[in-house]
There are 2 protein chains.
Amino acid sequence: MYSSELIKGTLKTIVLKLLSDNQKMYGYEITQKVKDLTGDKIQLTEGALYPALHSLEAEGILSTEVVNIGKRVRKYYTLTKKGKSASEEKVSEFADFMNTMKFLLDIKPQVG
Amino acid sequence: MYSSELIKGTLKTIVLKLLSDNQKMYGYEITQKVKDLTGDKIQLTEGALYPALHSLEAEGILSTEVVNIGKRVRKYYTLTKKGKSASEEKVSEFADFMNTMKFLLDIKPQVG
DNA sequence: TTATATGCATAATACTCTTATGTATTAGTA
DNA sequence: TACTAATACATAAGAGTATTATGCATATAA
């Protein structure tokens, strides 16, 4: 696990990317997918994830579909058209940011 | 400029890395260095920077030295011994995190 | 039958950043 | 000379987001 502050601000980017690759996912599934894909290095908590999903839905970036699985309920999230471009923007912005950070953290000793 | 949420959580890492490369720096200098090195893409605000510097000092990661420049005051920050290892840890943790994120954001479409 | 996993959700708290403000010196410009 | 911008510190109110704790309910494995 990374220190929590590192992961701050990346939650929505991760969610949007996963949804752009998987068409439709539900909350619990997202937490498990991230856990699996990162070898437990990133574990999304429900207290962070659900409010984020709700706010993305309120922004019109995600749409929802409730499905009954036996007596249990699943709420699937899908990217809207707006969400698809939002996802691409977020991911490319993060890629750009990573390049900037890589440069910043690799810079060699300088005489100030 | 990146959206603010992207940069969240990276402030201390950036500060520690700059200090490991430049031995001693003062707050304003740090903001300018980051601005220059990133081509204005990252601009640290004072309201974020100074509290962070103070908390790093309180943790024993930074030590300070006040210097008078004419009638103006500069507060130089230096990494302590503890700070040097903290800096290395932070930077390598971030490098690891970037690898994880790169993988996560590059993954190809999957059949869920 | 009891713990764990699945699946949703919210509330109190803590933390960090933004925005605004404050003080003061120095340098450049109209 | 007066005004603005830059230098240099700092804090405080508010906003936003994550942590931690809690709650409800079903399904499965020990």
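Up top is the structure.
Throughout, residues of each chain are indexed from 1 in the direction in which the sequence is written. Chains and ligands are labelled by the order in which they are written, letters from A for the one and numbers from 1 for the other. Predicted model: local features are reported for residues with pLDDT of at least 70 only, side-chain atom pairs are reported and counted for 80 or more only, and whole-chain, interface and lining totals are derived from all residues. Only hydrogens and water are set aside; all other atoms, that is, all heavy atoms of the structure, feed into the side-chain values.

### A word on the pattern of salt bridges
As a reminder of what qualifies: Counted as salt bridges are all cases of a side-chain nitrogen of Lys or Arg within 4 Å of a carboxyl oxygen of Asp or Glu.
For the coordinates displayed, the defined rule picks out 12 salt bridges over all chains. Asp40 of chain A is paired through a salt bridge with Lys35 of chain A; the nearest N and O atoms lie 3.7 Å apart.

### A short note on the interface of chain B and chain A
Put simply, the rule reads: In what follows, residue pairs with any heavy atoms lying within 4.5 Å of each other are defined as contacts. Accessible area that two parts lose when put together, with a 1.4 Å probe and added across both, is what the buried area reports.
Between chain B and chain A, the contact holds 39 residues from the first and 39 residues from the second. Between chain B and chain A the total buried area reaches about 3,800 Å² when both faces are included, carbon and sulfur atoms providing 65% of it. For the chain B face of the interface with chain A, the top three residues by lost area are Leu6, Phe97 and Leu105 of chain B, together amounting to 17%. Summed over the shared surface of chain B and chain A, the number is four salt bridges.

### As for the protein's contact with DNA strand D
Operational definition: It suffices for a single heavy atom of a residue to lie within 4 Å of a molecule or strand for the residue to be listed as near it. Pairing of N or O atoms within 3.5 Å defines a polar contact, subject to two protein rules: one partner must be a possible hydrogen donor and the other a possible acceptor, and residues neighboring in sequence count only if both atoms are side-chain atoms. Note on conventions: DSSP H or I runs of at least 4 residues are helices, E runs of at least 2 residues are strands, and numbering of each starts at the N terminus. Each residue is assigned to one of three groups, with Ala, Val, Leu, Ile, Met, Phe, Trp, Tyr, Cys and Pro labelled nonpolar, Asp, Glu, Lys and Arg labelled charged, and all others, Gly among them, labelled polar.
In the neighbourhood of DNA strand D, 22 residues make up the surrounding shell, with Arg72 of chain A together with Tyr26, Tyr28, Tyr50 and Arg74 of chain B lying closest. Note that a phosphate oxygen of DNA strand D is positioned 3.3 Å from one of the side-chain N or O atoms of His54 of chain B. Counting only elements with at least two residues in the surface near DNA strand D, the list comes to α4 (46-58) of chain A together with α3 (27-37), α4 (46-58) and β3 (72-79) of chain B. Among the elements that make up the surface near DNA strand D, the one with the highest residue count is β3 of chain B (five residues). A class-by-class count of the residues in the surface near DNA strand D yields seven nonpolar, seven polar and eight charged.

### Focus: the sheet that holds strand β1 (residues 24-26) of chain A
Residue and element names in this part refer to chain A. The criterion, for reference: Pairing between strands is defined by DSSP: at least two bridges between them are needed. Throughout, an axis means a line fitted to C-alpha atoms (over the contacting stretch in the case of helices), and angles, computed between N-to-C directions, take values from 0 to 180 degrees.
A sheet is described by the order of its strands in space; here three strands give the open sequence β1-β3-β2, paired in antiparallel fashion. The sheet is open, and its two borders are formed by β1 and β2 (62-69), each paired with just one other strand. Across the sheet, the mean angle from the axis of one strand to that of its neighbour is 35°, orientation sign disregarded. In terms of strand pairing, β1 meets strand β3 (residues 72-79) through three bridges, oriented antiparallel. Its bridge partner being in β3, Met25 is matched across the sheet by Tyr77. With respect to the sheet, helix α2 (residues 11-22) is in contact with β1, β2 and β3, its orientation differing from that of β1 by roughly 130°. Those strands touched by helix α3 (residues 27-37) are β1 and β3, and its axis lies near 95° from that of β1.

Just geometry here; none of it tells us what the structure is for.
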